[in-house]
Amino acid sequence: MSQRNKATHPATGDATPGDPASDADIRESSGSDAGAASDPLVDAAAVTRVFGIRHHGPGSARSLRHALEEFRPDAILIEGPADADPLVGFVAADTMAPPVALLAYVPDSPAHAAFWPFAVFSPEWQAMRYGVEHAVPVRFCDLPATNVLAADDDARGGGSDPLAALASAAGYDDAERWWDAVVESVPDSAAFDAITEAMTALREDALHAATGITPPTADAAPPLSASAPTDTEVPDPVTTSPLDAPELLEKPSAANGFESPAAADRHDPATAPLIVDQHTLVREAHMRQVMRQVLKGGAKRLAVVCGAWHAPALVEPLGPAAPDMRLLKGLPKTKAALTWVPWTHSRLAAGSGYGAGVTSPGWYHHLFTETERPVARWLTKVAGVLRSHDLPVSSAHIIEAVRLADTLAALRGRPLPGLSEVTEAVRSVMCGGDETMLRLVVDELVVGETLGGVPEDTPTVPLAADLRARCKTLRLKQEALARNVDLDLRKERDVERSHLLHRLRLLGIGWGTPTTGEVRSTGTFRETWTLRWEPEFEVRIVEAAVWGTTLRTAAETKILDTASRDDVTVTALADALEMALLADLGGATEGLITRLEAAAALDHDVTHLLGALPGLTRTLRYGDVRGTDTKALAHVADGLLVRICAGLPGAVTGLDTDAAQALRAQIDAAHTAISTRDDEHATTEWLTTLQRIADRDDVHGAIGGRAVRLLCDAERIDDADSARRLAAALSVGNTPAAKAAWIDGFLGGRGLLLVHDRELLRRIDEWLRDLNEDQFVATLPLLRRTFGSFESGERRAISQALRDTGSAPTTSDGRTAVDPIRGQLALRAATAILGAAG
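On a predicted model such as this, the values are computed, not experimentally measured, just so you know.

So, on to the overall build of the protein. Scanning the protein from terminus to terminus reveals 36 helices and 13 strands. With 838 residues in all, the protein has 50% of them scored as buried. Relative to all contacts within the protein whose residues are 6 or more apart in sequence, the contacts with residues 24 or more apart total 77%. As displayed, the protein offers around 37100 Å² of accessible surface, 53% of which is attributable to carbon and sulfur atoms.

Below, the structure written as structure tokens:
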């Protein structure tokens, strides 16, 4: 996946090494005397310009683009992993659409990965675009991913925000607002020199506690870097290890002092000292070595794009190479593979935990792409979002919001309204002060959920290529926003889509989530999925590639590996078999059936067998909807049912209340599954087993009552027999708790029984009225649980039935009173119907 050998540079056709700062290159660039200064001939002929930018800053990006057009470099260096040079050429592809990210991972341990994100408004992205458009060689100059992934995160230090000091000196209490006002709102290529000068002054006062190096004098070599958690520098990669939780994907990295906004609040950024850490010194040493190599290679006009905090450490003269070589000597390394992957605006946001993130990527994208009347166009978009949620917003609201934003900017001395002024205008004019409405705007526009795209020929693992091909064939688009997809399983394409989504779930890639788990149990031909693509799925695809080169083979291999484990249960095997059928994994079905048969034969726990039965019967009942062969499953399900029917009557005795309730739930699930299967032999065997349970006297009431209820529903016993059994359960010989348990098992969420069966209602009412105070208190918790499970409408109907008829038994003397008026109405209606039919 990683192209780390020599490759042809896409922009120039020159040979580009995979690792531009190898030991040999470093030795060559330093000359024969490692302690001497750079070659004076090279220094005299070459011009180097360092552009200190803010990562993800639209003003910096626009200013950088203008500066590059004025400077017209013949080589460009960008702060990023040096071994990603072969991937720069993909930036020119028509299908490369930011936001995207460089992904680096360890091939043998893909969960150990790192990302370098870029948006269209990232200055580094615009530098790459300038290079490929003008055939200028573009290379990365930061530490290679081979070193980054091998580094110890705990060894990296932290610091505070240098921008806070500058903002405080300018009278701003917020460094973000100061940077927006000074740089982002007034794009100017001349600002880079001023930024570098300001950063140089700050670095001279930085503490060098981590290394013991004192601040340099004006006559010494350029100052080495101090680490600072600010948006002005390109972040160290977002590392991931492990990838079990999405929030770990973009944890704040202290590699160059970054920390999340929540962490930054723990100290005063305006007064906290700046601190140098060893990792930052190493990074900048590598950058200087790459600069020397490029200049040695003949570059005459070199442009270096880096975080503003690094700029003073990279300006000429670079000084001797020996100190940098000593810093770089012995760095840990590991294997690394690199590629481009899609990214999202929400993952660029600081709120996601990304240490170099911005609070408003959607707003920054708008500022960069909409150069004409950006505020008016933005507020028009806001109106569209609010209208899409059926909120009344007119053109007058937009006009007044623009006026208010301009007025606020003038009062605050800003050249143009910023996000704070625009947001206040939206809150006041369009939302009427409603924070809920404003939250819609923030989520959908200020942050946004734009998902980037990469070319199909981007280096990747075969499994990812197979997924791309399947998505293209099935017309499934990867999107950052969640959307529901209804699949009709009678259509071939929808069946294939279902197979794809189920295979991805088996591989731990949760692109699709079933929104209705009861779809299969209701017997419909439809599935509903919620699709939402997350950037971390790219890493999980790489992890899953160990199982196979295609989604089908990978899912089959993984599910068979899981089934072969010694601790796998019968229930887990049944669930795996069901998933294999849903994913159309024919190559794994036979092995799973064989493993299930063996496990069921050795498992003597009836509860395990009961837990496996519903999944098998669902598979039998609805497998044909997908056109899959389920004949082999019938034998397994029948064998499982025989073992259940043989062992269940003995397993229902001697149970306490909790165990009885759990077993009752399993009996209910098994009964529903067998009824759904609609197999005469299986149904007969099951009902016969329930009959044996109902006839026993030593069964817990929760199970005995439920067995009677199920038999009555299946018409195996009539109403008279069920009434006799109820009377026996409520007889004097049983304790009040046992009677309450039997009633709970018999009713069990079926409150309408008491509404329609007045005789049953009368018997239970009489029993309750005959309880003394101690007995009633003892049985009240169980009775409350029983009647509390009824729907509110059922409880009202039961109360109404008691008010209407009381508890007196219904009697009939064979005579029925006749209402002449109602009879005449019925006769007229019947006459009219018959006349119409004639």
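We now examine the sheet that holds strand S4 (residues 75–81). Within the open sheet, the 4 strands sit side by side as S3-S9-S4-S7. Their pairing is parallel. Both outer strands of the open sheet, strand S3 (47–53) and strand S7 (138–142), are each paired with one neighbouring strand and no more. Strand-to-strand twist of the sheet, defined as the mean angle between neighbouring strand axes without regard to direction, takes the value 30°. Summarising the sheet, S4 and S7 pair through 4 bridges and their orientation is parallel. Pairing of Pro 81 across the sheet is with Asp 142, part of S7. Set on the sheet, helix H10 (residues 278–296) makes contact with S3, S4, S7 and strand S9 (301–307); between it and S7 the angle comes to about 145°.

The next point concerns the environment of Val 50. Looking at where Val 50 falls in the secondary structure, it is placed in strand S3. With relative accessibility at 6%, the residue Val 50 sits in the buried group. Measuring from C-alpha to C-alpha, the distance between Val 50 and Leu 302 comes to 8.4 Å, with 252 residues separating the pair along the chain. If we skip the residues at most four places from it in the chain, Val 50 touches Thr 196, Val 304, Cys 306, Ala 311, Leu 314 and Val 315.

Below, the discussion takes up the environment of Gly 654. Note that Gly 654 resides in the loop between helix H26 (631–651) and helix H27 (657–677). Once the C-alpha coordinates of Gly 654 and His 700 are considered, the two residues, 46 residues apart in sequence, prove to be 7.6 Å apart.

Over its 14 residues, helix H3 (residues 58–71) runs 20 Å from end to end, which matches the ideal 20 Å to within 8%, given 1.5 Å per residue. Burial analysis of H3 places 11 of its 14 residues in the buried class, the great majority of the element. Considered for burial, the residues of H3 that qualify are Pro 58, Gly 59, Ser 60, Ala 61, Arg 62, Ser 63, Leu 64, Arg 65, Ala 67, Leu 68 and Phe 71. One or two steps after H3, the chain reaches Arg 72, where phi turns positive at roughly 55°.

Where helix H17 (residues 419–430) meets helix H18 (residues 435–447), the closest approach of the two axes is 9 Å, and the angle between their N-to-C directions is 140°. Taken together, the axis directions place H17 and H18 in an arrangement best described as oblique. Here H17 and H18 pass one another in a crossing that is right-handed. Of H18, the residues touching H17 (which contributes Leu 419, Thr 423, Val 426, Arg 427 and Met 430) are Glu 435, Met 437, Leu 438, Val 441 and Val 446. Within the contact of H17 with H18, the residues separate by chemical class into 7 nonpolar, 1 polar and 2 charged.

With that settled, the discussion passes to the environment of Gly 745. Residue placement: Gly 745 occurs in helix H31 (residues 736–747). For Gly 745, a relative accessible area of 0% corresponds to the buried category. Each C-alpha atom of the pair Gly 745 and Ala 702 lies 4.0 Å from the other, and the pair is 43 residues apart in sequence. Residues in contact with Gly 745, not counting those within four places in the same chain, are Arg 664, Gly 701, Ala 702, Gly 705 and Arg 706.

Our next topic: the pattern of salt bridges. Tallied over the entire structure, the rule returns 26 salt bridges. As a salt-bridge pair, Arg 139 and Asp 85 come within 3.5 Å of each other at their nearest N and O atoms. Taken together, the residues span a long stretch of sequence, with Arg 139 in strand S7 and Asp 85 in the loop between S4 and strand S5 (100–106) at a distance of 54 residues. The partner of Glu 479 in a salt bridge is Arg 483, and the shortest N-O contact between them spans 2.6 Å. Several salt bridges converge on common partners, so that one network encompasses Arg 65, Glu 69, Arg 129 and Glu 133.

To continue, consider the nonpolar core. Membership of the largest hydrophobic core comes to 69 residues, with the highest contact counts inside it found for Leu 379, Val 426, Met 430 and Trp 511. In terms of residue count, helix H15 (residues 374–388) provides more of this core than any other element does, 8 residues in total. Contacts of Val 426, omitting those with residues within four sequence positions, involve Leu 379, Val 382, Cys 431, Leu 438 and Val 441. Counting 68 residues, the second largest nonpolar core, distinct from the first, contains Leu 506, Leu 577, Leu 613 and Leu 711.

Here we take up the packing of aromatic side chains. Considering all chains together, one arrives at 9 aromatic pairs under this definition. With centroids separated by 6.0 Å and ring planes inclined at 65°, the aromatic side chains of Phe 118 and Trp 340 adopt a geometry described as edge-to-face. Here the residue Phe 118 occupies a position in strand S6 (residues 109–118), and Trp 340 occupies one in strand S10 (residues 337–342), the gap between them amounting to 222 residues. Ring centres of Trp 363 and Trp 378 lie 5.0 Å apart, and the angle between their planes is 85°; on these two criteria the pair is classed as edge-to-face.

Let us now look at the sheet that holds strand S12 (residues 512–514). Pairing is antiparallel in the open sheet, where 3 strands are placed in the order S11-S13-S12. Here the strands that pair on one side only, and so sit at the sheet edges, are strand S11 (483–488) and S12. Between one strand axis and the next, the sheet turns through 35° on average, direction left out of account. Where S12 and strand S13 (residues 526–531) come together, 3 bridges link them in antiparallel fashion. Counterpart to Pro 514 in the pairing with S13 is Trp 529. Across the sheet, helix H20 (residues 492–506) touches S11, S12 and S13, and the angle it forms with S13 is around 50°.

Close contact between H20 and helix H22 (residues 551–563) brings their axes to 9 Å; oriented N to C, the two are set at 45°. As judged from the angle between their axes, H20 and H22 are oblique. In this structure, H20 meets H22 at a crossing whose hand is left-handed. Residues Leu 500, Arg 503, Leu 504 and Leu 506 of H20 touch H22, and the partners they reach there are Leu 551, Arg 552, Ala 555, Lys 558 and Ile 559. Here the contact of H20 with H22 is built from residues that sort into 6 nonpolar, no polar and 3 charged.

Cis geometry is adopted by the peptide bond preceding Pro 99, which originates at Pro 98 and carries an omega value of 5°. Here Pro 99 lies in the loop between S4 and S5. Cis rather than trans, the peptide bond between Glu 316 and Pro 317 has omega equal to 0°. In this structure, Pro 317 sits in the loop between helix H11 (311–314) and helix H12 (322–328). Even without glycine at this site, Ala 135 takes up a positive phi of about 55°. Within the element layout of this structure, Ala 135 appears in the loop between helix H4 (123–133) and S7.

This part is about the pairing of S7. Counting buried positions along S7 gives 5 out of 5 residues, so the element sits mostly inside the fold. The alternating pattern of S7 places Val 138, Phe 140 and Asp 142 on one face and Arg 139 and Cys 141 on the opposite face, and all of these are buried.

Definitions and limits used
Residues numbered from 1 in each chain as written. Predicted model: local features only at pLDDT ≥ 70, side-chain atom pairs only at ≥ 80, totals over all residues. Heavy atoms only, no water. Helix = DSSP H or I, 4+ residues; strand = E, 2+ residues; numbered from the N terminus. Buried < 20%, exposed > 50% of the residue type's maximum accessible area, 1.4 Å probe, protein only. Contact = heavy atoms within 4.5 Å. Areas by Shrake-Rupley, 256 points an atom, 1.4 Å probe, with all protein chains shown as cover. Pairing = 2+ DSSP bridges. Axes fitted to C-alpha atoms, helices over the stretch in contact; angles between N-to-C directions. Expected span 1.5 Å × (residues − 1). Parallel < 35°, antiparallel > 145°, perpendicular 65-115°, else oblique. Left-handed = near helix turned anticlockwise from the far one by under 90°. Nonpolar A, V, L, I, M, F, W, Y, C, P; charged D, E, K, R; others polar. Salt bridge = Lys/Arg side-chain N within 4 Å of Asp/Glu carboxyl O. Core = buried A, V, L, I, M, F, W, Y, C linked by side-chain atoms within 4.5 Å. Phe/Tyr/Trp six-rings, centres within 6.5 Å; stacked < 30°, edge-to-face > 60°.

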